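An overview of the molecular structure
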Amino acid sequence: MKKSVLRYLLFKYLRFDKEQPFIALSMILAFLGVCVGLCVLLVAMAIMNGFDKEFQKRFFVMNYPITILPKFYARIDDNLINSLKTQFPNLNFSPYLSTQVISKGDNRFEGGIVFGVNFSDEIKINEVIAKALKDKKLSNYDILIGCNLASEFNLQKDDKHTLIFSNFNPSGFSLIPQTKRFDVKACFTSGLAFYDKAYMFVDVNALRKILNIFDVYDGVHVFSNDAFKDIERIKNFLGDDYASIGWWEQNSNFFSAFELEKRALFIVLMLIILVASLNIVSSLLMIVMTRRNEIAILLALGASKKEVNKSFFVLGMLIGGSGMICGIILAFIVLFVLGNFNIINLPADVYGTSKLPLDLSILDFLLTLIGTLLIIAFSSFYPAKKATQIDVLDALRNE
């Protein structure tokens with residue numbers, strides 16, 4: 001009896017009713033709403049995740065997994081670097097000096113940061129620098145600059161590039177900023193215009209001579225395959241005299257804002273599915289209201305309220321579930337097209353890539369499906385309960 005009642009009601013109410021065409025239209029709109037809403041939500045989550053990982057990759061390359069900085073009167077010198085290399089043989093360390101400078105061209109100036117590094121150590125932890133140098137060796141007053149800066153100043157290989165430093169030299173009765181000309185040997189491309197315009201790399205010994213700083217470094221860049229674990233080991237080894245900062249801490253505000261935007265987008269797009277589910281509620285309620293007499297007859301012939309409730313609940317889930325399946329299929333088709341065909345072009349100097357980044361995580365996929373299922377279930381529950389509240393005697397009194 002249970003299967004027969006369920007099958008009877010499903011086949012009867014899913015068929016197009018010429019007398020009540022609006023009910024069928026409402027079902028179709030509910031189906032399309034869930035389908036399109038779920039598709040848009042999955043594609044949007046894939047794009048947000050793609051941009052998130054792309055930005056993390058760019059920040060990771062130029063910000064390094066871990067940075068060690070001195071606190072109080074602590075010093076970072078070669079003895080400390082050797083101790084770190086001995087204690088952590090699985091990690092790569094690159095000590096550096098840094099200072100702010102002004103790049104001087106024929107008719108323009110640009111602010112920037114110069115890093116003094118040991119290039120033999122730096123190429124082990126920075127793939128951008130390693131790719132730019134390849135077989136080149138920089139020494140003395142050679143410099144590696146970003147390709148954007150080279151383009152703006154029209155610099156070629158072996159050209160002279162003038163930098164104005166913040167330290168002063170006495171001249172007569174005044175102090176003037178120190179300037180130094182470097183030989184441009186190569187340029188790098190990180191994928192982000194800010195780094196390509198502002199960052200410059202020279203030999204640490206050359207920068208020491210200019211700044212009159214000897215034996216010490218400003219910090220140490222560390223490469224680790226498991227930065228979250230290794231940063232704790234480094235902190236325990238160095239103690240309180242040094243600060244160990246992870247790349248995620250240096251850009252925590254940016255990624256927190258990005259995560260908040262992602263959650264807000266998820267909630268807003270989930271409202272599309274919620275609005276579509278209202279069509280499920282309205283179509284099922286219209287069926288209940290227009291078929292009150294038929295439902296009452298079924299109840300009078302022995303069908304239980306539980307069977308009627310289940311029939312309408314399954315009907316609502318069938319409408320929403322079919323929309324979910326089609327929405328998932330449509331979303332993967334859209335992601336395949338966007339991922340394999342150059343439909344959308346992005347400015348590479350802004351986003352770091354000219355191709356639209358896509359990455360639909362399993363967690364977002366499951367959360368989207370669970371949220372959609374809950375909305376459809378709640379939308380089907382109320383009309384199903386309403387169908388069991390029909391008064392049989394009242395409905396059949398005038399029959």
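Everything that follows concerns the structure shown earlier in this document.
Now for a description of the structure that goes with this document.

The rules behind these values
Residues numbered from 1 in each chain as written. Predicted model: local features only at pLDDT ≥ 70, side-chain atom pairs only at ≥ 80, totals over all residues. Heavy atoms only, no water. Axes fitted to C-alpha atoms, helices over the stretch in contact; angles between N-to-C directions. Helix = DSSP H or I, 4+ residues; strand = E, 2+ residues; numbered from the N terminus. Left-handed = near helix turned anticlockwise from the far one by under 90°. Contact = heavy atoms within 4.5 Å. Nonpolar A, V, L, I, M, F, W, Y, C, P; charged D, E, K, R; others polar. Patch = residues over 30% accessible without salt bridge, like charges linked within 9 Å, V, L, I, M, F, W, Y side chains within 5 Å. Areas by Shrake-Rupley, 256 points an atom, 1.4 Å probe, with all protein chains shown as cover. Salt bridge = Lys/Arg side-chain N within 4 Å of Asp/Glu carboxyl O. Buried < 20%, exposed > 50% of the residue type's maximum accessible area, 1.4 Å probe, protein only. Core = buried A, V, L, I, M, F, W, Y, C linked by side-chain atoms within 4.5 Å. Pairing = 2+ DSSP bridges. Polar contact = N/O pair within 3.5 Å; in protein donor to acceptor, adjacent residues only side chain to side chain. Disulfide = S-S within 2.5 Å.

With that out of the way, let us pick up the packing of helix α11 (residues 252-290) against helix α13 (residues 305-340). Following both chains from N to C, one finds α11 and α13 inclined at 145°, their axes separated by 10 Å at the closest point. In this structure, α11 crosses over α13, and the sense of that crossing is right-handed. Judged by residue contacts, Ile280, Leu284, Ile287 and Val288 of α11 engage Phe312, Leu315, Gly316, Ile319 and Gly320 from α13. Each residue belonging to the contact of α11 with α13 can be placed in one class, and the counts come to 7 nonpolar, 2 polar and no charged.

Before going further, it helps to spend a moment on a nonpolar patch on the surface. A cluster of nonpolar residues, Ile362, Leu366, Ile370, Leu374 and Phe378, forms a patch on the protein surface that exposes about 550 Å² of accessible area. Relative to the elements of secondary structure, Leu366 occurs in helix α15 (residues 362-387). We classify Leu366 as partly exposed; its relative accessible area is 43%.

Leu38, Ile287 and Phe312 are the most contacted members of the largest nonpolar core, which has 40 residues in total. When residues of this core are traced back to their parent elements, those giving at least two are α2 (21-63), α11, α13 and α15. When residues of this core are assigned to their parent elements, the largest contribution, 15 residues, is made by α2.

Here we come to the pairing of strand β8 (residues 219-223). Within β8, 4 of the 5 residues are buried, leaving the element largely enclosed by the surrounding structure. For strand β1 (residues 66-70) and β8, the ladder comprises 3 bridges, and the chain directions are antiparallel. Residue pairing in the sheet places Ile68 in a bridge with Val220 of β8. Judged from the 5 bridges that link them, strand β2 (residues 92-104) and β8 form a sheet pairing that is antiparallel. Paired with Ser94 across the bridge in β8 is His221.

Overall, the coordinates contain 9 salt bridges when judged by the stated rule. Arg108 is paired through a salt bridge with Glu152; the nearest N and O atoms lie 3.1 Å apart. Remark: Glu152 occurs in helix α6 (residues 147-152) and Arg108 occurs in the loop between β2 and β3 (109-117); sequence separation between them is 44 residues. Judged by relative accessible area, Glu152 falls into the partly exposed class, the value being 30%. In this structure, Asp183 engages Lys160 in a salt bridge whose closest nitrogen and oxygen atoms are separated by 2.5 Å. Taken as a pair, Asp183 in strand β6 (residues 174-188) and Lys160 in strand β5 (residues 160-171) lie far apart in primary sequence, 23 residues in all. Overlapping salt bridges, with partners in common, bring together Arg108, Glu110, Glu152 and Lys197 in one network.

The next thing to look at is the side chain of Asn49. Mapping Asn49 onto the fold places it in helix α2. Classification of Asn49 by relative accessible area gives buried; the value is 7%. Polar contacts involving the side chain of Asn49 include one to the side chain of Lys262, which spans 2.5 Å. When near neighbours in sequence (up to four residues on either side) are disregarded, Asn49 contacts Lys262, Asp359, Ser361 and Asp364.

What follows covers the state of the cysteines. Per the stated rule, a full pass over the model turns up 1 disulfide. Sulfur-sulfur distance for the disulfide between Cys147 and Cys187 comes to 2.3 Å. Judged by the torsion about the S-S bond (75°), the Cys147/Cys187 disulfide is right-handed. Residue Cys147 is located in helix α6, and its partner Cys187 is located in strand β6; the two are separated by 40 residues in the primary sequence. Taking the relative accessible area as the measure of exposure, Cys187 reaches 33% and is therefore partly exposed. Among the cysteines around Cys35, which has no disulfide bond, Cys326 carries the closest sulfur, lying 5.3 Å off. With no disulfide of its own, Cys39 lies 6.7 Å from the sulfur of Cys35, the closest cysteine sulfur. The buried category is assigned to Cys39, whose relative accessible area is 8%.

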